[in-house]
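# Structure assessment
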Amino acid sequence: MSMLRGLQGRILGFLGALLVVLQVAVFFVVDMVSTRAARAQLERQLTMDADIFRELLARRTAQLTIGARVLSGDYALKTVVATGDDPTIRTALNSMRLRIGADRMLLVDDQGRVRVDTRDAPGSPQPSPFPRLVALTEDRDVAAAVDVLDGLLYQFVVVPLLAPDPVAWVGLGFVIDDDLASELRRLTAAHVTFLAPRTGGGWIAAASTLSQGSRDALARTIPPRLDQAPTSFALDREDYLVRTVPLEQADGRVGVVIQVSLSAALEPAAQLRVTLMAVFAGALLLSILVGVVIARMVSKPVRDVVRAVRTAATGDYAHRVPVRGADELGELARAVNHMAATLAERETALRRSEEQLGNARKMEAVGRLAGGIAHDFNNLLVVIMGRAEAIRDALAPDDPRRADVLLVEETAERAAGLVRQLLAFSRRQVLRTRVLSLNTVIETFEPMLRRLTGEHVTLSLRLAPDVVPVRADAGQIEQVLLNLVINARDALPDGGRVTIETANGRLPATGAPCAVLAVRDTGTGIPSDMQEHIFEPFFTTKEVGKGTGLGLATVYGIVAQHGGEIMVLSAPGSGSHFSIYLPQAPVAPIEPLVTSGPAPADTRGTETVLVVEDEAEVRRLMAAALRARGYTVLEAADGAAAVALATRQRRGIDLVVADVVMPTMGGREMLAQLRAKLGDVRVLLVSGHSPELLARYPTMAEPAIGFLHKPFTMETLARKARELLDGA
Amino acid sequence: MKRLLTLLAIAAIGLVPGALRGADSVIGVVVRDDAGRPVADAVVYAATSGTAARGGRATMDQENQEFVPHVLPVEVGTAVTFPNRDGIRHHVYSFSPAKRFELPLYTGTPAAPVVFDQAGAVVLGCNIHDWMVAYVYVAPSPHFAKTGSDGRAALRGLPPGPQELRVWHPRLRTPGEAPAQRVTLGADALTVDFKVSLRPERKRPRTTPRYENQQGG
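Here we summarise the structure given alongside this text. The residue numbers shown here count from 1 along each chain, following its written sequence. Whichever chain is written first becomes A and whichever ligand is written first becomes 1, with later ones labelled in order. This being a predicted model, a pLDDT of at least 70 is required before a residue's local features are given, and a value of 80 or more before pairs of side-chain atoms are given or counted; all residues contribute to the totals for chains, interfaces and linings.

## Looking at the packing of helix H2 (residues 75-83) of chain A against helix H3 (residues 86-100) of chain A
All names here are of chain A. Applied cut-off: Only the stretch in contact is used when fitting a helix axis, every axis being a line fitted to C-alpha atoms; angles between N-to-C directions are given from 0 to 180 degrees. Helical segments are the DSSP runs of H or I of at least four residues, strand segments are the runs of E of at least two, and each set is numbered from the N terminus. Any angle from 65 to 115 degrees is called roughly perpendicular, while one under 35 is roughly parallel, one over 145 is roughly antiparallel, and all others are oblique. In this scheme the crossing of two helices becomes right-handed for a clockwise turn of the near helix relative to the far one and left-handed for an anticlockwise turn of less than a right angle. Contact definition: two residues whose C-beta atoms, as placed from backbone geometry, lie within 7 Å. Residues are grouped as follows: nonpolar covers Ala, Val, Leu, Ile, Met, Phe, Trp, Tyr, Cys and Pro; charged covers Asp, Glu, Lys and Arg; every other residue, Gly included, is treated as polar.
Orientation of H2 relative to H3, taken along the N-to-C sense of each, is 160°, at an axis distance of 9 Å. On the basis of their axis angle, the class for H2 and H3 is roughly antiparallel. The element H2 and its partner H3 pack so that their crossing is left-handed. Together, Leu77, Val80, Val81 and Thr83 of H2 and Thr88, Ile89, Ala92 and Met96 of H3 make up the contact between the two elements. Here the contact of H2 with H3 is built from residues that sort into 6 nonpolar, 2 polar and no charged.

## Remarks on the environment of A:Ser579
Residues and elements named next belong to chain A. Considering the arrangement of structural elements, one finds Ser579 in strand E18 (residues 576-583). Between the alpha carbons of Ser579 and Thr502 there is a distance of 9.3 Å; along the sequence they are 77 residues apart. If we ignore the near neighbours within four places in the chain, the residues touching Ser579 are Val516, Ala518 and Met567.

## Some thoughts on the pairing of strand E4 (residues 143-149) of chain A
Look at any regular strand and the pattern is simple: side chains alternate between the two faces of the sheet. All names here are of chain A. Applicable threshold: Once C-beta atoms are placed from the backbone, each residue is buried if 20 or more other C-beta atoms lie within 10 Å of its own, exposed if 12 or fewer, and partly exposed for counts between those two. Two strands are said to pair when DSSP picks up at least two bridges between them.
Of all 7 residues making up E4, 6 are buried, and the element is well covered by its neighbours. Across 7 bridges, E4 lies against strand E5 (residues 152-162) in antiparallel orientation. By the bridge assignment, Ala144 is partnered in E5 with Val157. Taking the residues between adjacent antiparallel strands as the criterion, E4 and E5 are bridged by 2 residues, where Asp150 takes a positive phi near 55°.

## Quick notes on the nonpolar core
Rule in force here: In plain words, the nonpolar core is the set of buried Ala, Val, Leu, Ile, Met, Phe, Trp, Tyr and Cys residues that C-beta atoms within 7 Å link up.
One finds A:Leu153, A:Phe194, A:Leu195, B:Val44, B:Leu124 and B:Val136 to be the most contacted residues of the largest nonpolar core, which totals 119 residues. In contact with A:Leu195, not counting residues within four places along its chain, are A:Trp203, A:Ala205, A:Ala206, A:Ala219, A:Ile222, A:Val254, A:Gly255 and A:Val257. Judged by nonpolar contacts, the second largest core, of 89 residues, contains A:Ala472, A:Val609, A:Val683 and A:Leu685.

## Concerning the pairing of strand E14 (residues 152-155) of chain B
All names here are of chain B. Burial along E14 is one-sided: the face carrying Ala153 and Leu155 is buried and the face carrying Arg152 and Ala154 is not. Pairing between strand E1 (residues 27-33) and E14: 4 bridges, direction antiparallel. Pairing of Gly28 across the sheet is with Ala154, part of E14.

Nothing here speaks to function; it is all geometry.
This is how it looks when you write it as structure tokens:
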């Protein structure tokens, strides 16, 4: 998860960083450009202001000059001046001053002395404060200048009093004060400060639109030599762009400072900065949001896939990735889902086969145990039955003890039946297989089954006419049908329906073609937790005494011995469905059901019979029974003894009755040696078990070899022997 | 009147002494400015020559709204008439210390001439025509002459012996201090060179008489 967070984080981080870098770059570029543009604009404005300012001053001078020019020819003034009466001249000058609007008037005589000054009290004549201007009027009518006089800054206009040559000079002074500065400021929108030279160097602000403190601070920063290049100047925490303009009329001794607020000019730039920052912040926020959404769109499906894979790793295959779209991510999600589904299937299959394997091993073990027990039981039962038979034969037909002996015989028969079932389950009974049709077996056995089911249960057959032939033991198939139908009937205590079906199908394990025999009922069904136990021997749900618990175990054994499979579908309340799959037989004609020929009426004979049996009791019993029927009986305890006996007897032996399983020499080897000595001797094999018998005795089918299953009665033995001896 | 005529006669003799008394030597004067150019309208006079004759007459005309001549040298005591030959009035005045007078607006020739009884330069103006300017130089001796456009003038009838010659000009830089040269007059003719420093000529814008409302130059 952290890896994906990391991926998402990296995408976001990278995009975010890129955006921030771009924004910072744009911000600085815009800021720089706008600041520079504003500053350039301001410098242009300053230059323009300087020009406006010069023009204004020039106009003002021109205006003042007009008045002065008129004055220079004023006859009355000339007359007054000619009187040489200074008090009169002073009053006349003041009168003129008021007429013109000048602040101060001076009269300078042809000796260059101030004769009268309207500002001063009468006194001794002072030297002219503007000899230069007087000199300038030598060849012109008027001269103007800006200069400081008595601490005040004046714009002076000097005219000669012409009579018609100059007889005196009149100086008109116009004070340059804050009012003029304010007027100029109104026209130029710039701060205006007039600088006058300070005694002892530096500048003094003679007039200004600034406050007293500010104008002094400004005057201190201006270099002695006026430089017209714009400079920055910080005043009252505000930045100004400053330009000084030396006044031509003052020979550079008086300058004007015009200053515009840099801060005010940069205000739009500052606002732009704020706007930019806001826009950038918004853009950053938006892009982060969009980035998160996009990263989610990409990483969410990946996270889902990772979660699904992790969940699958814990064994939970049910989790599915939501599939979004048909792109690569959707494809990935589908692939993961498919993988999970496949894994789930395989796991289920594996578990099932493990279960089946476990069940099979358990059944195998139980089967071996049962087979071993049955073998010993058979030998015991042969003796019991044989002896009881002998006793019965020895008793008179009306002997009252005869009933007891018969009961012993019947009980032994029942015990033999149980052992047979055990053997069937353990697949150690001898099969007499042939190629047959299941339909034929079922139809033949139907009347018997109907008797079993009774009236309250309906038995129906649904047989597929084309069901494939199988190689099977018909009797065992009947046994299977019997057990299954009894089971079905017992599941229908209140009546119902039992259906027997046949069909063609395929073996669940191998897929090979097979015939299917199914028995269905509409009964109570089998709880799922019991289904895995129903084929175990002695497992029963029936009341004690009603069943042996061997029925389904027998079915299982028989089917397994036939190379088939059995499956149960059942649920409580919906009945049970047993399906038996038997492999299709290799192509071979169906053999007709051979009914055993009529039992020979007489079981007596005079031939010589060799009985080979390791169990002494059984051997003696068989020998006695055969001798009692007229046969000459030779006895051997094992294979080696039998071979030795045969060697001695040479051609006197007509029939060998032999147990298949014996110590020291197996039945098969013994049989081979006997045949070498005795030629095509008839053989009757007896055995309590061993499915291997079929494989080891491929000649079982030949008429010269017979087989008798333990336990058997002596009567049966005698009859079987007679059949073999009488056979072709 | 008779006395006046006598004065004029004497002055005429004094002005052209050589012509009347051919035996008298002549002093030729050349006045040049700083640049060496000949200076016209300079008045040259002998400052140290005996007592001057008195009672002469002279005329300063006003014609075409100008004074004629521009410079009029006279001996002390000369009576100058100011005949107005224009169809309009003039108002002649002088605020010069040597002669302060005023002839308020008039036409024709005023009855009484103005007697210049004090040596010195007298600047004449017209109160109503700013451009009109003329100078009457009242010389302290009868021996004076005015330079022409070639800057030359001739002083005649001066007695032999040492003489102090002075020059005056309306545009002299140092008006009070007329340059002086001492010469000794002998049998031979003398030529005296004066060098004067002049102010530039003042521009006096005026209208032409024909087109009164146009500015003249």
